[in-house]
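Descriptive analysis of the structure
Letter by letter, the chains look like this.
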Amino acid sequence: MKPWLGMPKGQWMRDAVSFREWRVNRSLYIAAAAVMLFPWVLMLLTSIGGPGGELIELRAVIGDNAGLGPTNGWITVLGGLLALGVFWNDRSRGGLDGALEGPVSRRALLMAKMRWGILTITAVWVLLFVILALVAVGIGHAGFIGPLVIAGVWSVSSAVALYVAAVAFGAAMGSAFFTALASVLWVTLPRIVESVAFQLTLGSGRRLPLATAERWQTTLTDIHWFSVATDGHPAGWAAVLYAAYFAAWAVFLGWRALVWWERTPMERFHDPFYYPQLWNFWYAFLAILSGMFVAALAIPNVGSQGRLDIAALVFGVPLWFLWRWTWRRLSRSALSWGHQT
């Protein structure tokens, strides 16, 4: 019998699934790339002809506080929305269920979504870099190319991190709402930590020496750079270090996504959460929100935001059990988002 001369089965499966992903979601990938590029094209077209317009826009892109571009989270946010779209478009059309019931590898299916999204985001920035580099050379500021590379590394890594994070949450949840909420919380967590830490230290009302207060303020205000959606980017090569941090998050969440996706039982693929223990995070979220509301009503003269946060956590502990009991009771009646055991 003649030996098999075609592609290995694994490679054949990856190529077939990748082609399927392109056919199902190609409109989303193309539309996302166009929307990512649109403000840049508009920015460059409106700056041409003005006194130093291109130079001003380039300085805005590579500066610490960019206007319209990757460093203020435009491409990053669209990357997160793209991740939501490629999952739920596939699910709403019924193709995802059919693929999961067939011989298609789950890992290959999820990897195809990651691969096409990362390729879209990276291709957009590469095109932007070429355009902006040509503009920089054309106006006699070739020295901007280096800072443009740093801005691009920051942009790609942060956008890819959010895209992979949203895909990872979608690999553990069967609800677009919960997936979006988890992605938003992941993005805003560094800013929440920064705010709480600031209130507990500099905002506590204690008088600190000027040098100590300035050192604490500088340290705390750097925490927000750990969020993928910020205004501007860190100065100089610090942006590359934070980009490496985002890349590490993308690798970690991508690995966890494959684990969650492969372990999900088929009968749970339409539940709000594929794993029952995730309901505890939903109860915690409701408990924190309601705890802050109760604390503000119960202690109107608390004195500082830090003390209010502590009071909200204290009230949140019993509220967690209350929300758990209430949600379980409702799930036994008419609530479609019931806690599945």
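To be clear, the structure that these remarks concern was listed above.
One structure accompanies this document, and this report is about it. (Residues numbered from 1 in each chain as written. Predicted model: local features only at pLDDT ≥ 70, side-chain atom pairs only at ≥ 80, totals over all residues. Heavy atoms only, no water.)

Ile75, Leu110, Tyr163, Trp186, Trp261 and Trp282 are the most contacted members of the largest nonpolar core, which totals 75 residues. Contributing elements (two or more residues each) for this core: helix H1 (9–47), helix H3 (74–92), helix H4 (95–101), helix H5 (106–138), helix H6 (145–170), helix H7 (176–200), helix H9 (238–263) and helix H10 (279–298). Of the residues forming this core, the biggest block, 15 residues, is contributed by H6. When residues of this core are assigned to domains, at least three fall in each of domain 1 (12–187 + 231–267) and domain 2 (275–341). Once residues lying within four places of it in the same chain are set aside, the contact partners of Trp261 are Phe87, Leu96, Leu100, Arg106, Arg107, Leu109, Leu110, Gly170, Ala171, Phe269 and Tyr274. (Core = buried A, V, L, I, M, F, W, Y, C linked by side-chain atoms within 4.5 Å. Buried < 20%, exposed > 50% of the residue type's maximum accessible area, 1.4 Å probe, protein only. Helix = DSSP H or I, 4+ residues; strand = E, 2+ residues; numbered from the N terminus. Domains from an automatic or database assignment. Contact = heavy atoms within 4.5 Å.)

To characterise two packed helices, one gives the angle between the axes of the helices and the distance between these axes. Viewed as axis vectors pointing N to C, H5 and H6 meet at an angle of 160 degrees, and their least axial separation amounts to 10 Å. On the basis of their axis angle, the class for H5 and H6 is roughly antiparallel. Here H5 and H6 pass one another in a crossing that is right-handed. Here Leu110, Lys113, Met114, Gly117, Ile118, Ile121, Thr122, Trp125, Phe129, Leu132, Ala133 and Val137 of H5 come into contact with H6, specifically with Ile145, Leu148, Val149, Ala151, Gly152, Val156, Ala159, Val160, Tyr163, Val164 and Val167. (Axes fitted to C-alpha atoms, helices over the stretch in contact; angles between N-to-C directions. Parallel < 35°, antiparallel > 145°, perpendicular 65-115°, else oblique. Left-handed = near helix turned anticlockwise from the far one by under 90°.)

Glancing now at the packing of aromatic side chains. Here the structure, examined in full by the defined rule, presents 25 aromatic pairs. Their ring planes at 75 degrees and their centres at 5.2 Å tell us that Phe226 and Tyr242 sit as a pair that is edge-to-face. Of the two residues, Phe226 sits in the loop between helix H8 (210–221) and H9 while Tyr242 sits in helix H9, which places them 16 residues apart along the sequence. Centroid distance Trp249 to Phe252: 6.0 Å. Interplanar angle 75 degrees. Geometry classified as edge-to-face. In this pair, Trp249 and Phe252 both sit in helix H9, three residues apart, roughly one turn of the helix. The exposure class assigned to Trp249 is partly exposed, which follows from its relative accessible area of 25%. Three or more aromatic residues joined by ring pairs form one cluster here, namely Phe177, Phe178, Phe273, Trp279, Trp282, Tyr283, Phe285, Trp320, Phe321 and Trp327. In this arrangement the basic side chain of Lys113 is found over the ring face of Phe87, its NZ or CZ atom lying 5.8 Å from the centre. Across the ring face of Trp255, the terminal group of Arg256 is positioned such that the distance to the ring centre comes to 4.8 Å. (Phe/Tyr/Trp six-rings, centres within 6.5 Å; stacked < 30°, edge-to-face > 60°. Lys NZ or Arg CZ within 6 Å of the ring centre and 35° of its normal.)

At a minimum axis distance of 11 Å, the contact between H3 and H5 shows a crossing angle of 150 degrees. Classified by the angle their axes make, H3 and H5 are roughly antiparallel. The crossing of H3 and H5 is right-handed. Here Ile75, Gly79, Leu82, Val86, Phe87 and Asp90 of H3 lie close against H5, whose contacting residues are Leu110, Lys113, Gly117, Ile121, Val124 and Leu128.

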